[in-house]
Structure formats: C-alpha cells, structure tokens
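Descriptive analysis of the structure
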Amino acid sequence: MSAAPTAQPMQRTAEDFRKVRKVTTHTLQEMKQAKIKIAMLTAYDYSLARILDDAGIDVILVGDSASNVMAGHETTLPITLDQMIYHAASVVRAVRRALVVVDLPFGSYQGNSKEALNSAIRIMKEAGAHAVKLEGGREVKDSVERIVAAGVPVMGHLGLTPQSIYKFGTYVVRATEETEANRLREDAKLLEQVGCFAVVLEKIPATLGAEVTQQLRIPTIGIGAGAACDGQVLVLHDMLGINQEFKPRFLRRYLNLYDTIREAVCRYCDDVKQGNFPAPHEQY
Ligand code: KIV
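This one's a predicted model, so the numbers in the text were calculated from it and none came from an experiment.

Time to look at the site of the ligand. Around the ligand sit T42, L61, G63, D64, S65, D103, K133, H157, E202, I223 and V235, and those are all the residues in its vicinity. D64 has a polar side-chain atom sitting 3.0 Å from an oxygen atom of the ligand. One of the side-chain N or O atoms of S65 is found 2.5 Å from an oxygen atom in the ligand. In isolation the ligand exposes 260 Å². Once the protein is present, 96% of that is buried. Here the shell around the ligand is built from residues that sort into three nonpolar, four polar and four charged.

Here it is in structure tokens:
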C-alpha cells in the first residue's frame, strides 16, 4: 500500500505579506524564509511617512541621514538624540502598517552599554518606535545584548558605517580587501548571535553581500550591497531626486522632484507677482 501524500505547506507570496496588517520583526524573518524581498526607505516626517506606509513599504527607517537631508549637515555626526526622537515621533504618528526602526545617533551609544540602553529606551518610550538601529560589529556587542535583553529589537549596520566617516576618511566601497571582508563576515555572525533581528549592509561588494545573506538566518538589508540581499533600503530624498548632489552608483532615482518642485514654485511666484493668484473663486 502506498503512503498518502503529505500536504506541503503553501509557499507564502509577496501578496500574502502585502496583506499583513502590522509588520513586525517576526514578519521580516518569515519574509526571508519565504524569499520575499523586504522594501525599506527612510522617512523623517509625518506627511511623507504617511505616503510610504500607504504605498505598502515594509520598514521605515528614521535614519540619522536626517542630519544630511533634513538639517543640511555634511555628515550624520551632529544630529542629537532629542532631534532623532522628534523625527521618529512624527513618523510613528503617521504609520499603521510598517515597522518603524530608528537610528541611535552618534554619541548616544558608543560610551558603554548602559548609555546605549538608556538611549534606546528614550527612543522607544518618547517616540513610540518599534526597533532601533546602531552601527558597528564586535565593538557594539555588549550594547546590542543589553538592549535586546531589555526587550528592544535591534537592527545592525555593517560595511560603510557613516558615523565612522572620519575613521574611514572616504565614502568608497568597504570590505574589498580580504581582511576587512573577513571581519565583516565575523561581525555579521556575531550580531546575529547576540540577537539582532536584521542587519544593514552598506556599500560592499555584491559577492560579499550575497555570501553574508546566505550565511545568516536573519535578513540582510542592502544599500549598495547587491541584489542578493534579503531587502533593500534607500534614502527617500535621494530616490525621489529632491537631493541632487548625491549620485552613487547604487542610487536609482525614481523621480526628479527637485525640478518638479522648483518649477511649481516658479509658477507660484509668477502668479503672485502678476496678480493672477488668488483668482475670484479662490477668495471669500
Ligand atoms: O541613516 C540612514 O539613512 C541609514 C541608511 C543609509 C541605511 O542608515
């Protein structure tokens, strides 16, 4: 007698995940297992976060890139914990479905693990965030362990870590040499072991991105780390073309909002100056 065929579990599709009402760290883990890519973008304010969430983005990162694109600083170093909390709280108020991850800014966690935990707790309590992100590998191991032990999900960040730009001295591709690539492989494993739920890989060779993605059980989110990563992230202002100076190879521009907005503002100025605005139907 032949055995009855065992029922195979149905493979979940991108559409199944699109219907998830609230994305959690667990959802991201399931997406990796189901080989469904994770879409992540940055946001720093209520209005744009609302659009991203409505469009079905899985993860919103309140990145410390706010220091560049919102505040006009050259690096991510100047932004403060209070400023990150302000941006994060605005984003959280807009979001219904996406997981909101918030960067721990430079100087808010490097001192010791207690400082790191206190900063993470402020972000969770005052902004209502769902998770935090911090940069680095073995040097942040104790901090990750302590934050995770307190019940706060942590996303790691390896490769080009912009908070260390003065150590690197340049924004070139990282881990092209074997020593640095090996260190990154070990750090990625370590971050997984100490409880990170995902790790961002920034500006590293695509082959290394693919290898780390294959080695880890937790999802990898790439930015200039190749197509094999479990997800991708871009800075919103870069992909919308609001920001025109930044043109790395990994950036795909979906709009040229700089020109669109500039043109609209020019038309408005002309209308006001020529007395064409407001028209009779735009007055009380
Ligand atoms: O701050 C940020 O926007 C980031 C992304 C580039 C990953 O960390």
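Attention now moves to the packing of helix 6 (residues 113–127) against helix 7 (residues 141–149). In contact at an axis separation of 8 Å, helix 6 and helix 7 are set at 45° when each is read in the N-to-C sense. When the axes of helix 6 and helix 7 are compared, the pair comes out oblique. In this structure, helix 6 crosses over helix 7, and the sense of that crossing is right-handed. Mapping the contact onto sequence places S113, K114, A116, L117 and A120 in helix 6 and D142, S143, R146 and I147 in helix 7. Each residue belonging to the contact of helix 6 with helix 7 can be placed in one class, and the counts come to four nonpolar, two polar and three charged.

Quick look at the nonpolar core now. Counting 60 residues, the largest nonpolar core has I60, I147 and L201 as the members making the most contacts within it. Judged by nonpolar contacts, the second largest core, of 21 residues, contains I36, V59, V101 and F197.

Turning our eyes to something else, we now look at the sheet that holds strand 3 (residues 99–103). What the eight strands build is a closed barrel, ordered 1-2-3-4-5-6-7-8; its pairing is parallel. Each strand axis lies, on average, 25° off the axis of its neighbour in the sheet, ignoring direction. As judged from the two bridges shared by strand 7 (residues 220–223) and strand 8 (residues 231–234), these two strands associate in the parallel manner. Pairing of I221 across the sheet is with G231, part of strand 8. Each of strand 3 and strand 4 (131–133) is contacted by helix 6, which is oriented at about 135° to strand 4, the strand it contacts most.

Right, let's talk about unusual backbone geometry for a bit. The omega angle of the peptide bond from F277 to P278 is 0°, so this bond is cis rather than trans. Structurally, P278 is set in the segment after helix 12 (257–273). Not every positive phi belongs to a glycine, and K35 is a case in point at roughly 60°. Residues other than glycine seldom take positive phi values, yet A175 does so here, at roughly 60°. Assignment of secondary structure puts A175 in the loop between helix 8 (165–168) and helix 9 (178–193). For A175, a relative accessible area of 4% puts it in the buried group.

In this section: the pattern of salt bridges. Per the stated rule, a full pass over the model turns up 16 salt bridges. For E186, the salt bridge goes to R138, with nearest N and O atoms at 3.1 Å. Of this pair, E186 sits in helix 9 while R138 sits in the loop between strand 4 and helix 7, placing them 48 residues apart in sequence. As a salt-bridge pair, D187 and R138 come within 2.8 Å of each other at their nearest N and O atoms. In this pair, D187 is assigned in helix 9 and R138 in the loop between strand 4 and helix 7, connecting sequence segments 49 residues apart.

Let's shift gears to the pairing of strand 3. Summarising burial for strand 3: five of the five residues are buried, a large majority. As paired elements, strand 2 (residues 59–62) and strand 3 share four bridges and run parallel to each other. Looking at strand 3, one finds that L61 is bridged to V101. As paired strands, strand 3 and strand 4 are joined by three bridges and run parallel to one another. In the strand pairing of strand 4, D103 is matched with K133. Considered for its hand, the β-α-β crossover made up of strand 3, helix 6 and strand 4 is right-handed.

The next thing to look at is the packing of aromatic side chains. Summed over all chains, the structure comprises two aromatic pairs. With a centroid separation of 6.4 Å and an interplanar angle of 70°, the aromatic rings of F246 and F250 are classed as edge-to-face. F246 gets classed as partly exposed once you look at its relative accessible area, which sits at 39%. It is R174 that lies over the ring of F168; its NZ or CZ is 4.0 Å from the centre.

Calculation criteria
- Numbering of residues starts from 1 in each chain and follows the order in which that chain's sequence is written.
- With pLDDT at 70 or above as the cut-off, local features in this predicted model cover only qualifying residues; side-chain atom pairs require 80 or more to be listed or tallied, and sums for whole chains, interfaces and linings still use all residues.
- Side-chain measures were taken over the full set of non-hydrogen atoms in the model, leaving aside hydrogen atoms and water.
- Proximity is defined per residue: any heavy atom of the residue falling within 4 Å of a molecule or strand makes that residue near it.
- As used in this structure description, the phrase polar contact means that two N or O atoms lie within 3.5 Å; if the pair is within protein, one of them must be able to donate a hydrogen and the other to accept it, and residues adjacent in sequence are counted only when both atoms belong to side chains.
- Residue exposure ignores everything except the shown protein chains as possible cover, and the areas themselves are Shrake-Rupley values with a 1.4 Å probe.
- Classification convention: Asp, Glu, Lys, Arg as charged; Ala, Val, Leu, Ile, Met, Phe, Trp, Tyr, Cys, Pro as nonpolar; all other residues, Gly among them, as polar.
- Comment: axis = line fitted to C-alpha atoms, over the contacting stretch for helices; angle = value between 0 and 180 degrees taken between N-to-C directions.
- Numbering of helices and strands runs from the N terminus; a helix is a DSSP stretch of H or I covering at least four residues, while a strand is a stretch of E covering at least two.
- Angles are sorted into four bins: roughly parallel if under 35 degrees, roughly antiparallel if over 145, roughly perpendicular if 65 to 115, and oblique for all others.
- Crossings are assigned a handedness: left-handed for a near helix turned anticlockwise from the far helix by less than a right angle, right-handed for a clockwise turn.
- Whether two residues touch is decided by their heavy atoms; if any such pair falls within 4.5 Å, the residues are in contact.
- Here, nonpolar core refers to any group of buried Ala, Val, Leu, Ile, Met, Phe, Trp, Tyr and Cys residues whose side-chain atoms link them within 4.5 Å.
- Remark: exposure states derive from per-residue accessible area (1.4 Å probe, protein chains only) relative to the maximum for the residue type, with buried under 20%, exposed over 50%, and partly exposed in between.
- Strand pairing is defined by DSSP finding a minimum of two bridges between the two strands.
- For salt bridges, the criterion is a side-chain nitrogen of Lys or Arg within 4 Å of an Asp or Glu carboxyl oxygen.
- Looking down the strands as they point away from the viewer, one classifies a crossover as right-handed if the path from the first strand across the helix to the second runs clockwise.
- Here a pair means two rings of Phe, Tyr or Trp (six-membered ring of Trp) with centres within 6.5 Å. Their orientation is stacked below 30 degrees between planes, edge-to-face above 60, and tilted elsewhere.
- The rule is short: NZ of Lys or CZ of Arg within 6 Å of the ring centre and within 35 degrees of the ring normal puts a charge over the ring.

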